Amino acid sequence: MLNNLIFVLNCGSSSIKFSILNPNTKKKYLSGLVECLFLKNTYIKWKYLGIKYEKYIGSHVSHQDALNFIFNQVLSKEKNIYDNIIGIGHRVVHGGKRINKSVLINTEIISFIEKAIPFAPLHNPANLIGIKMVMEKLPLLSNKNVAVFDTSFYQKMPKTSFLYAIPYIFYKKYHIRRYGAHGISHNYVSNQASIMLNKDFNSLNIITCHLGNGSSISAIRNGVCVDTSMGLTPLEGLVMGTRSGDIDPSVIFFMHQQLGISINTINTILTKESGLLGLSGISSDFRYLEKNYSTNEKAKLSVDIFCHRLSKYIASYMCLMDNSLDAVVFTGGIGENVSLIRQITLSKLCLIGFKIDIEKNLSVKNGKSGLITINNSIPVLVIPTNEELLIAQETMKIVS
Ligand code: ADP
């Protein structure tokens, strides 16, 4: 029977993901994705009760236009599920300094999310558009909107991890610190790892690698996240699709003072034109880079730099594990599907106890989970992430 359905909306900077599911039975009735907002061709894909649909929506489509399409052309046509929604869960990237857990959205929460825009300038504004549109489109459920924050998972990080070595006043007075992101995914796969390893979550020591368009890595000791690679904003850390990740801050001074590039343009370069796209000069899409790894020098270089940085982070997070690491977990579009990345990265870590099983590594992809190492290695698991389910479960707890 169709009841207790949660509508989950993940309104990202250039894409919108949505789904309707029952968090208790985990059954997903509808899921969809709008990609390439503000670009030449925007398409929507959705799946309703197992049947797939795809439609061109237009060119340079905004979040509002795409959400109008979702409500008017997709959701309202499926009355039987639409009428059974009891709550809406919104993914919000940054809760700022005030919010540390999932919350029912009201005007005060909206203003906190607005205040946190400088910490997630690409994401929070898009998240807010989604929240406001849903409140307008579903007025009867306007007090059933829940914000689930990526930053909540990092609330217990110690000061040794979250403080930058800059004058303390910048933390005390201006709240400049490391906040982390992707917490919903790291949280979900950690819980799954505890089930797969048959180990109590509160004594679990793992390192989780979420590798997608945005990538991050978290160290979880005794079930608590003790460090993560994203910082004040989701720009710090690993090499990403179009984001640089870690750089010497002096690169910015050099670009500005020596090359005369404006601060706004440098921001665009580091967030939208760097990472795999900037290095390869062709694409941020791993499907392309993987296919051309052996034939295109720049594709190879960008993949090798990606793995070099990832392996350094994994090795450094091992020193936070109290001498016992239960597993490393790979997730996200790249972590779940690209065996090449897992193989290159783990081969650099052979010395500290990682031994890949080549066959298993090649076979675990396309939504499968499993172990990809041999018996006497530190276990490495691939676990498909399911951010929607965690958001729906959090939402259900709050609205009911
Ligand atoms: P987001 O951060 O937008 O949620 P995803 O987790 O969907 O990103 O990951 C997107 C990345 O994963 C892209 O680089 C894409 O090329 C890569 N990817 C997804 N599926 C595959 C696949 N089957 N093979 C290779 N790369 C893949």
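Residues numbered from 1 in each chain as written. Predicted model: local features only at pLDDT ≥ 70, side-chain atom pairs only at ≥ 80, totals over all residues. Heavy atoms only, no water.

The protein chain goes by Acetate kinase in an unreviewed UniProt entry, where it is assigned to Buchnera aphidicola. What UniProt states about the protein chain under its Pathway (unreviewed entry) heading is, verbatim, "Metabolic intermediate biosynthesis; acetyl-CoA biosynthesis; acetyl-CoA from acetate: step 1/2." Entered under Subunit (unreviewed entry) in the UniProt record, the comment concerning the protein chain runs "Homodimer." (UniProt positions renumbered as here; feature names shortened; annotations may be inferred.)

**A closer look at helix α3 (residues 107-115)**
Listing the buried residues of α3 in full gives Ile-109, Ile-110, Phe-112 and Ile-113. Along α3, the residues classed as buried sweep out an arc of 160° about the axis, all on the same side. Exposed residues lying more than 90 degrees from the buried face of α3 are Thr-107 and Lys-115. Against β6 (85-92), β7 (103-104), α4 (124-137) and β8 (145-149) lie the buried residues of α3. By the N-cap criterion, in which a side-chain oxygen at the helix start approaches the backbone nitrogen of a residue two or three places on, α3 is capped by Asn-106, the distance to Glu-108 being 3.1 Å. (Buried < 20%, exposed > 50% of the residue type's maximum accessible area, 1.4 Å probe, protein only. Helix = DSSP H or I, 4+ residues; strand = E, 2+ residues; numbered from the N terminus. Arc of directions from axis to C-beta. Contact = heavy atoms within 4.5 Å. Polar contact = N/O pair within 3.5 Å; in protein donor to acceptor, adjacent residues only side chain to side chain.)

**Considerations on the sheet that holds strand β9 (residues 206-211)**
Strand order across the open sheet formed by 6 strands is β11-β10-β9-β12-β14-β13, with mixed pairing between neighbours. On the outer flanks of this sheet lie β11 (224-228) and β13 (370-371), each paired with one strand and no other. As paired strands, strand β10 (residues 215-221) and β11 are joined by 4 bridges and run antiparallel to one another. Each residue of the ladder has a partner; that of Ile-220, found in β11, is Cys-225. (Pairing = 2+ DSSP bridges.)

**Details of the UniProt feature "active site" (unreviewed entry) in the protein chain**
Following the UniProt record, the feature "active site" (unreviewed entry) maps to Asp-150 here. Mapped onto the secondary structure, Asp-150 falls in the loop between β8 and α5 (159-162). What makes Asp-150 buried here is its relative accessible area of 0%.

**Concerning the sheet that holds β8**
With mixed pairing, 8 strands are arranged side by side in an open sheet as β5-β4-β3-β2-β1-β6-β8-β7. Bordering the open sheet on either side are β5 (51-58) and β7, each of which pairs with just one other strand. Of the pairings in the sheet, the one linking strand β3 (residues 27-35) to strand β4 (residues 42-48) comprises 6 bridges and is antiparallel in character. By the bridge assignment, Leu-33 is partnered in β4 with Lys-45.

**So, the nonpolar core**
In terms of nonpolar packing, the biggest core is built from 37 residues, with Phe-306, Leu-310 and Ile-341 touching the most fellow members. Counting only elements with at least two residues in this core, the list comes to β9, β10, α11 (286-291), α12 (297-317), β12 (327-331), α14 (339-347) and β14 (380-382). Among the elements that take part in this core, α12 stands out by supplying 8 residues, more than any other. Beyond its immediate stretch of four places on either side in the chain, Ile-341 contacts Leu-211, Phe-286, Val-303, Phe-306, Cys-307, Leu-310 and Ile-334. Grouped together as the second largest cluster of nonpolar side chains are 30 residues, Leu-9, Val-61, Ile-88 and Met-133 included. (Core = buried A, V, L, I, M, F, W, Y, C linked by side-chain atoms within 4.5 Å.)

**Some thoughts on the layout of surface pockets**
The method is simple in principle: a probe with the dimensions of a water molecule rolls over the atoms, and the space it marks as empty is what remains. One number sums up the size of the second largest pocket: a volume of about 920 Å³. Surrounding the second largest pocket, 31 residues form its lining, Leu-232, Thr-233, Leu-235, Ile-252 and Leu-270 being those nearest its centre. Of all the secondary structure elements, the ones that give two or more residues to the lining of the second largest pocket are α8 (250-258) and α9 (263-272). The biggest single contributor to the lining of the second largest pocket is α9, with 8 residues. Residue composition of the lining of the second largest pocket, by class: 18 nonpolar, 9 polar and 4 charged. (1 Å grid on protein atoms, 1.4 Å probe; cavity = no way out; pocket = protein on both sides within 12 Å on 5 of 7 lines; lining within 4 Å. Points joined across faces, edges and corners; volume = space filled by probe spheres on them. Nonpolar A, V, L, I, M, F, W, Y, C, P; charged D, E, K, R; others polar.)

**Observations concerning the packing of aromatic side chains**
What characterises a pair of aromatic rings is the spacing of the ring centres plus the angle enclosed by the ring planes. Per the stated rule, a full pass over the model turns up 10 aromatic pairs. For the pair Phe-7 and Phe-71, a centre-to-centre distance of 6.0 Å together with 80° between the ring planes defines the contact as edge-to-face. Of this pair, Phe-7 sits in strand β1 (residues 5-11) while Phe-71 sits in helix α1 (residues 63-75), and the two are 64 residues apart along the sequence. With a relative accessible area of 1%, Phe-7 lands in the buried category. We classify Phe-71 as buried; its relative accessible area is 1%. Measuring from ring centre to ring centre gives 5.6 Å for Tyr-168 and Tyr-171, while their planes differ by 75°; the resulting arrangement is edge-to-face. Taken together, the ring pairs connect Phe-162, Tyr-168 and Tyr-171 into an aromatic cluster. Residue placement shows Arg-177 over the ring face of Phe-162; its charged tip is 3.7 Å from the ring centre. The residue whose ring lies beneath Arg-177 is Tyr-179, and the NZ or CZ to ring-centre distance is 4.7 Å. (Phe/Tyr/Trp six-rings, centres within 6.5 Å; stacked < 30°, edge-to-face > 60°. Lys NZ or Arg CZ within 6 Å of the ring centre and 35° of its normal.)

**Some thoughts on the environment of Met-230**
Within the secondary structure layout, Met-230 lies in the loop between β11 and α8. On a C-alpha basis, the gap between Met-230 and Ala-181 in space is 6.0 Å, while along the polypeptide they are 49 residues apart. Not counting chain neighbours up to four residues away, the residues in contact with Met-230 comprise Arg-178, Gly-180, Ala-181, His-182, Ser-215, Ser-216, Glu-236, Met-240 and Arg-243.

**Focus: the side chain of His-210**
Within the secondary structure, His-210 sits in strand β9. His-210 has contacts with His-182, Ser-185, His-186, Ser-215, Ser-216, Thr-331, Gly-332, Thr-385 and Glu-387, leaving out every residue within four places of it along the chain.

**A closer look at the pairing of β6**
Side-chain direction in a regular strand flips from residue to residue, so the side chains alternate between the two faces of the sheet. Most of β6 sits inside the fold, with 7 of its 8 residues counted as buried. For β1 and β6, the ladder comprises 5 bridges, and the chain directions are parallel. Across the sheet, Val-8 pairs through a bridge with Gly-89, a residue of β6. Note: β6 against β8, 5 bridges, orientation parallel. If you follow Ile-88 over to β8, its bridge partner there is Asn-145.

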